[in-house]
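Residues per chain are reported as follows:
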Amino acid sequence: MGMFRSCSLLTSLLWCLLTPWPSRAEDLHLSSVGMRARVSGATVLGDVSPEEFDEYDVAATFVLPWGRYSESGWGAGTRLMASAGALKGAGETALVVSLIPVLALGSQDGRFTLDLGIGGALLSEHRFGTQDFGGPLQFALTLGVGVPLYERLGVGYRFLHYSDASIYGSHTTGADFHMIEFTYRFPPEVRQ
């Protein structure tokens, strides 16, 4: 019953955030899509994970209406990153979906970005061998940087941290991921 409730809650949240409001329907634009894969699990935040993990996912980034850019095209804006993928560890594989609002600094066209955000993730499994994430709902913290690779293709680094922030108790452990990401940026004409 708990997993059904968690899935229902995340689905409702996604629906509310991604369904355009009548007054802002024209302000939500798909900016990019991409693939990400873990390249290292070196711990940066919190306790050392007792298990080794891999994560692979696909992500879509939407431009939100709040931001300020100079005439030269540089400034700050808001984005919403949605992802779905696989989290593998200790012989287990779980579906993980996340929704993370981020503040992005850089060029308005998304070619050069530095972003930081905190949001939520839902894991279909939260126990992996000796490691217990505590429950299916996790906080997701991210920091990323992206640069152009060729025309509309880009490459970037993303740090991703999952943690329950001790809401399920002090016996839980989160995980850190250092990931490489490849993205395709949509042309500005499509976003306007």
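Notes on the structure follow.

Conventions we followed
Residues numbered from 1 in each chain as written. Predicted model: local features only at pLDDT ≥ 70, side-chain atom pairs only at ≥ 80, totals over all residues. Heavy atoms only, no water. Phe/Tyr/Trp six-rings, centres within 6.5 Å; stacked < 30°, edge-to-face > 60°. Buried < 20%, exposed > 50% of the residue type's maximum accessible area, 1.4 Å probe, protein only. Core = buried A, V, L, I, M, F, W, Y, C linked by side-chain atoms within 4.5 Å. Helix = DSSP H or I, 4+ residues; strand = E, 2+ residues; numbered from the N terminus. Pairing = 2+ DSSP bridges.

**A short note on the packing of aromatic side chains**
Summed over the entire model, instances satisfying the criterion amount to six aromatic pairs. Measuring from centroid to centroid gives 5.8 Å for Phe128 and Phe133, while their planes differ by 75 degrees, and the two rings are edge-to-face. For Phe128, a relative accessible area of 0% corresponds to the buried category. With relative accessibility at 0%, the residue Phe133 sits in the buried group. A centroid spacing of 5.7 Å and a plane angle of 65 degrees characterise the contact between Tyr162 and Phe177, whose relative ring orientation is edge-to-face.

**Some thoughts on the nonpolar core**
With 17 residues, the main nonpolar core has Phe53, Leu87, Phe133, Tyr162 and Phe177 as its most contacted residues. Those elements that place two or more of their residues in this core are strand S3 (74–89), strand S4 (92–107), strand S5 (113–123), strand S9 (153–163) and strand S10 (175–185). The biggest single contributor to this core is S4, with four residues. In this structure, Phe62, Leu64, Ala82 and Leu99 belong to the second largest nonpolar core, which totals six residues.

**A few points about the pairing of S5**
Note that S4 and S5 share nine bridges and pair antiparallel. Looking across to S5, one finds that Leu103 is bridged to Leu116. Turn length for the S4-S5 hairpin, with the two strands adjacent in sequence and antiparallel, is five residues, and the turn residue Gly110 shows positive phi of about 85 degrees.

All quantities given are derived from atomic positions and should not be read as evidence of function.
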